[in-house]
Amino acid sequence: MAHSYTPGLRVTSHAELIRERRLPLKGDVLVQAGDAVEARTVVARTDLPGNVQTVNLAAKLSLDPAKVPSALARPLGSAVRKGEIIAEAKGLFGLMSQKVEAPSDGTLESVSSITGQLIFREPPLPIEVEAYVRGVVDEVLPGEGVRIRTEGAFLQGIFGVGGETHGPVAMVSSGPEAELTADLLRPEHRDHVVVGGCYVSHATLMRARDLRVAAVVVGGFDDRDLRQLLGRDLGVAITGSETLGFTLILTEGFGRIAMAARSWNLLAAHVGELASVSGATQIRAGVMRPEIIIPRIGEMSAPAAEMGSGFELGAHIRVIRAPYFGRIGAVSALPPELHDLDSGTRVRVMHVRFTDDGSEALVPRANVELIER
Amino acid sequence: MSAPPLVRSILATDCGSTTTKAILIERGESGYRLVSRGEAPTTVEAPFEDVTRGVLNAVREIEELRGRRMLDGDRILTPQNGDEGVDLYVSTSSAGGGLQMMVSGLVLQMTGESAQRAALGAGAIVMDVIALNDGRRPHEKIQRLRQLRPDMILLSGGTDGGDTLRVVEMAEILAAADPKARLGAGYELPVIFAGNQAAVPMVRECLEKRTALLVVPNLRPTLERENLRPARDAIHELFMEHVMAHAPGYKKLMTWSRVPIMPTPGAVGLIIEKIAKRDSIAVVGVDIGGATTDVFSVFQEVFNRTVSANLGMSYSVSNVLAEAGIENILRWVPFDVDEVELRNRIKNKMIRPTTIPHTLEDLVIEQAISREALRLAFEQHKQLATGLKGIQTERTISDIVNQSESGASLVDLLQLGLLVGSGGVLSHAPRRVQSALMMVDAFLPEGVTELAVDSIFMAPQLGVLSTVHEEAATQVFEADCLIRLGSVVAPIGAAREGQPCVTVQLTGPGVDASPRRVAFGELVVLPLPADGKLRLTATPEKGFDLGAGKGRPIETEIRGGVVGLIVDARGRRPFQLPSTTAERIRRLRAWNAALSVYPREV
């Protein structure tokens, strides 16, 4: 059998991270290598080319397409204002002239003498890229952007919606197994990254939005409520561009699942500190998970040990499918032979001793993920 | 390309999005047989960014299992020398998300659809079809072309000698969009023009300086005729020259094999076409993966392939729920499930796509979802596998009686001879009868249809092998790849539950020859020997049709199979499950028990 392993999600008090901040097109980089940046610092800027419109001049001027280029009122490349005359044709005996006005502000880009179409480009749209995390500019990508180096606490979620945001961490539920209810959210949570326990409902999220909470981090959430939140069933897990008014990160999955104590404790150790949060998730080749970064530049001790590349006896794992979904334990045996599951499937398994009650269970190796020590 | 005089051993690999699979075929006394297989994670992404690493790892696994050397460092040893090396190496690939194309035509339902068929048949995923009448304004088309960053564009439109102006208009839109290829800005985007040949000089003027333009004969030279082959060949050629050559490590991999690397689905399509041709039957093949479901068919000697890019069992499982609706999934589950709980289970599979069902209930739910994924993919296939649209035909009295029209689907389930399933949920189901029933429930075959599954999903490797060594590909396909499950007899018609529906009788060695009467609403299985052929006589009751007319018996030869002969008297046209939950569960449980689908009642 091929070697395979589930890398699991990173939850660590110390990570060194690089975040690339790139413009969608070439532009200007506004910072230099070695510069200290805050999350809101604008690091690069550019202008996106405007949308293209086609204008059928031949039809509008009742002209043969071959004559359309000479009917342009301004040379190609000219910038024009909305309503300005861009092409003109004289009618019979030079009397009834027909004119075409610019559909918006823009530029005359090209014209075809075969089809008589004008390609008209709307004005450019300015785009700015922020640093997203507090850190230091590690490298400048000339004309494209920068790489920001940062270090601090780092937590990956399993699924998120909403884009990048930041705010101080606030622990709101009474513990990792408690639900985040609407009555716990108060006006002082505005612009904060609010941490709940095992579950949040749609009603509570609406309250968070009304209070302008920056982000909500919880163990679980119902898909039914996700549907209500997005206004549609989420078919393919490519998220991050939703405009919900806040960012939502699930640390465990769908349903009511206690947040792993390790994640809860890590966030609790950083109450009041600024966290950078991104809900962007892509589950396909080149997987991307949502993240919470709490930068602590130059204040950290030695980095935590990295994970090994496979399962070992004693390794800490979390079960990620029913019937033990969400439970945490340690690997107690790794039998090499295939085992029959209740479903009838013959697969490789492991024995797991659960942390909460010390009981043991047989679990398919494909259904667990490693947790960093 | 001709085969070498005597090929003793063949190594074939398939570089999938997540796994690279290798098989070793050797020639023995009984011909060519699969002797070993290995697999390893595909390595197109960081940190390796070199597909050959995954190939070497998969081959190394075979080396270890067989105790036979096939690699010399980072190179495959060819030809075979003594017990070392192999005589032939071939490969397919869908790594990096496969070949992603946009196609364009003038009219969506005519040249647009022909262009789509050409691209799908070549093994591509069609990201969008752009046409003059697609309802989008030109700037929206331009925006779309820019956003999607396809690997290649197929531009068609106009019949030969027909409209040139509007063909050039499409080329101008493409030029204005100036789309960039997905795999990097370092090379020009390949564009194939397969439209009105009179427009070629103008299309060249418009696109030649901006793109890697290749002009081929028109794929719709007249309204009545499609000529897809030149466009398909050009897609394969540009796939090799441009797309694959820029994917990490492929330049090296291409030097290892003297046979061109094919897109995986293109190779599977080849093998389906060959079965249909060899046995002179209509065939439907399906490959249900984690992200996509491919359906292949050959009806009336016309090959069609469709890709349902967002119907799959892991990455796309949530989209099956979105498209099918929760009630359609629940109708296959023989126990009460809370809707909130089911939704959460499906989403949890999506966010952790590599997990497998641990409990029997979880397996049943997964197989319920697969029925809907297969059904939807087949619906999409039927819509595209059609005759040519837009043709004026002289209608006769018989056409009016049969209600036939141009553009009708070629898929005729009464004509279907063989249904082949492949992909994790079908190939790796704990019991083969589960695969058979998933296919029957999703495709609803009619009359008499044989069922089979691909044992370990090696059809891609055998497809590309068939281009250079048909004998080896065919022998391994029959002996090691195709697992014959048996056949299904399904009469068209409806009656009250318990009323007589059909009587079947098998004659041949090793079977009970007494006739078996099956009542409407029942699902039964009669054992068959694993190999050999038998004679089947099936007599439908009045009002039921097996293809010979209502109440008329049919006699046919069927092959043996590991599941047996399934007699599906649950009705067709319509096939209906009871509307009340309690009754539906009772019936599902009865059918599962009759076929021993699961080890215990769920």
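Quick caveat: nothing in here was measured; it's all calculated off a predicted structure. (Residues numbered from 1 in each chain as written. Chains lettered and ligands numbered in written order. Predicted model: local features only at pLDDT ≥ 70, side-chain atom pairs only at ≥ 80, totals over all residues. Heavy atoms only, no water.)

**Student:** Whenever I open this one, the overall build of chain A confuses me. Can you help?
**Tutor:** Tallying secondary structure elements over chain A gives four helices and 26 strands in all. Taking 2.2 N^0.38 as the reference for a compact globule, 373 residues should give roughly 21 Å; the C-alpha atoms of chain A span a radius of gyration of 28 Å, well beyond that estimate. With the C-alpha coordinates of chain A rotated into their principal frame, the extents come out at 100 × 50 × 40 Å. For chain A, buried positions account for 50% of its 373 residues. Long-range contacts, defined as pairs at least 24 residues apart, comprise 65% of the intrachain contacts of chain A with a sequence gap of at least 6. In the form shown here, chain A has an accessible surface area of approximately 16,700 Å², with 50% of it arising from carbon and sulfur atoms. Of note, chain A has its 39 positive side-chain charges centred 4 Å away from the centre of its 45 negative side-chain charges. (Helix = DSSP H or I, 4+ residues; strand = E, 2+ residues; numbered from the N terminus. Rg over C-alpha atoms; globule rule 2.2 N^0.38 Å. Buried < 20%, exposed > 50% of the residue type's maximum accessible area, 1.4 Å probe, protein only. Contact = heavy atoms within 4.5 Å. Areas by Shrake-Rupley, 256 points an atom, 1.4 Å probe, with all protein chains shown as cover. Lys, Arg positive; Asp, Glu negative; His and termini not counted. Charge placed at Lys NZ, Arg CZ, Asp CG, Glu CD.)

**Student:** Sorry if this is basic, but what is going on with the state of the cysteines here?
**Tutor:** In a disulfide, the sulfur atoms of two cysteines are covalently bonded to one another. Residues and elements named next belong to chain B. Scanning the model with the defined rule gives zero disulfides over all chains in all. Cys481 takes part in no disulfide bond, and the closest cysteine sulfur, belonging to Cys15, lies 18 Å away. By relative accessible area, which is 0% here, Cys481 ends up buried. (Disulfide = S-S within 2.5 Å.)

**Student:** Can you help me understand unusual backbone geometry in this one?
**Tutor:** Glycine aside, the phi torsion of most residues is negative, and most peptide linkages are trans. Following Ala322(A), the chain continues into Pro323(A) via a peptide bond in cis, with omega recorded as 10 degrees. Among the secondary structure elements, Pro323(A) is positioned in the loop between strand 21 (316–319) and strand 22 (328–333). A cis geometry characterises the amide bond from Thr78(B) onward to Pro79(B), with omega recorded as -5 degrees. Tracing the chain through its elements places Pro79(B) in the loop between helix 1 (51–66) and strand 4 (88–93). Its identity is not glycine, yet Tyr132(A) carries a phi of approximately 75 degrees, on the positive side. Counting through the fold element by element, Tyr132(A) comes out in the loop between strand 11 (125–130) and strand 12 (135–141). Unlike most non-glycine residues, Asp191(A) shows phi in positive territory, near 65 degrees.

**Student:** Would you explain the domain arrangement of chain B in this entry?
**Tutor:** For interface size, the figure often reported is the accessible area lost on association. With domains assigned, chain B is organised as domain 1 (9–93), domain 2 (100–246) and domain 3 (326–386 + 408–595). Look at where the C-alpha atoms of domain 2 of chain B and domain 3 of chain B centre, and you get two points 38 Å apart. (Domains from an automatic or database assignment.)

**Student:** Sorry if this is basic, but what is going on with the interface of chain B and chain A here?
**Tutor:** The partner chain A presents 54 residues to the 45 residues of chain B that form the contact. Among the residues chain B hides against chain A, the three largest losses belong to Ile351(B), Arg352(B) and His358(B). Together they make up 18% of the total. Where chain B packs against chain A, one counts seven salt bridges. Between Asp362(B) and Arg321(A) there is a salt bridge whose closest N-O contact spans 2.8 Å. Listed by contribution, the elements that provide at least two residues to the side of chain B that touches chain A are strand 3 (31–41), helix 3 (138–148), helix 4 (165–177), helix 9 (317–324), helix 11 (339–351) and helix 12 (360–384) of chain B. Top contributing element to the side of chain B that touches chain A by residue count: helix 11 of chain B, with eight residues. For the side of chain B that touches chain A, the per-class residue count stands at 20 nonpolar, 11 polar and 14 charged. (Buried area = accessible area lost by both parts, 1.4 Å probe. Salt bridge = Lys/Arg side-chain N within 4 Å of Asp/Glu carboxyl O. Nonpolar A, V, L, I, M, F, W, Y, C, P; charged D, E, K, R; others polar.)

**Student:** Explain the domain arrangement of chain A here, please?
**Tutor:** Looking at the assigned domains, one finds that chain A contains domain 1 (11–16 + 151–295), domain 2 (52–121) and domain 3 (315–370). In this structure, domain 1 of chain A and domain 2 of chain A have C-alpha centres spaced 53 Å apart.

**Student:** Please clarify how the pattern of salt bridges should be interpreted in this entry.
**Tutor:** Note that side chains of opposite charge can pair when their charged atoms are close. Applying the stated criterion across every chain yields a total of 76 salt bridges over all chains. Between Arg227(A) and Asp233(A) there is a salt bridge whose closest N-O contact spans 3.8 Å. For Asp233(A), a relative accessible area of 17% translates into the label buried. Between Arg375(B) and Glu372(B) there is a salt bridge, and its shortest N-O distance comes to 2.5 Å. Here the residue Arg375(B) and the residue Glu372(B) both occupy positions in helix 12, the gap between them amounting to three residues, near one helical turn. Taken together, the shared-partner salt bridges in this structure form one network comprising Asp223(A), Arg227(A), Asp233(A), Glu339(B), Arg343(B) and Lys347(B).

**Student:** I would appreciate a short explanation of the environment of Ile158(A) in the present structure.
**Tutor:** Mapped onto the elements of the fold, Ile158(A) is located in the loop between strand 13 (145–156) and strand 14 (159–161). Between the C-alpha atom of Ile158(A) and that of Met206(A), which follows or precedes it by 48 residues, the distance is 22 Å. Filtering out sequence-adjacent residues up to four positions away, Ile158(A) remains in contact with Leu9(A), Leu250(A), Thr251(A), Glu252(A), Gly253(A), Thr281(A), Arg289(A), Pro290(A), Ile351(B) and Arg352(B).

**Student:** Looking at this structure, how should I read the pairing of strand 9 (residues 212–215) of chain B?
**Tutor:** Residue and element names in this part refer to chain B. Pairing geometry for strand 8 (residues 190–193) and strand 9, over four bridges, is parallel. Directly across from Phe193, in strand 9, lies its bridge partner Val215. The handedness of the strand 8 to strand 9 crossover, carried by helix 5 (residues 200–207), is right-handed. (Pairing = 2+ DSSP bridges. Right-handed = clockwise from strand over helix to strand, strands pointing away.)

**Student:** Where do I start with the sheet that holds strand 6 (residues 79–80) of chain A in this structure?
**Tutor:** Consider a sheet: its strands pair through backbone hydrogen bonds, and that pairing is either parallel or antiparallel. Across the sheet, which stays open at both edges, the four strands sit in the order 5-10-9-6 (chain A) with antiparallel pairing between neighbours. Two strands bound the open sheet, and with one partner strand each, they are strand 5 (52–56) and strand 6 of chain A. Sheet topology note: the strand 6 of chain A/strand 9 (residues 106–111) of chain A ladder contains two bridges and is antiparallel. Looking across to strand 9 of chain A, one finds that Ala79(A) is bridged to Thr107(A). In the packing of helix 3 of chain B onto the sheet, contacts are made with strand 5 and strand 10 (117–121) of chain A, and the angle to strand 5 of chain A comes to roughly 145 degrees. (Axes fitted to C-alpha atoms, helices over the stretch in contact; angles between N-to-C directions.)

**Student:** Would you take a moment to explain the packing of aromatic side chains for this structure?
**Tutor:** The relation between two aromatic rings is expressed through the spacing of the ring centres and the mutual angle of the planes. Overall, the coordinates contain five aromatic pairs over all chains when judged by the stated rule. Ring centres of Phe520(B) and Phe544(B) lie 5.9 Å apart, and the angle between their planes is 35 degrees; this geometry places the pair in the tilted category. Taken together, the residues span a long stretch of sequence, with Phe520(B) in the loop between strand 18 (516–519) and strand 19 (523–526) and Phe544(B) in the loop between strand 20 (533–540) and strand 21 (554–559) at a distance of 24 residues. Across the pair, exposure class does not vary: Phe520(B) and Phe544(B) are buried alike. The ring of Tyr199(A) carries the charged tip of Arg256(A) above its face, separated from the ring centre by 4.2 Å. (Phe/Tyr/Trp six-rings, centres within 6.5 Å; stacked < 30°, edge-to-face > 60°. Lys NZ or Arg CZ within 6 Å of the ring centre and 35° of its normal.)

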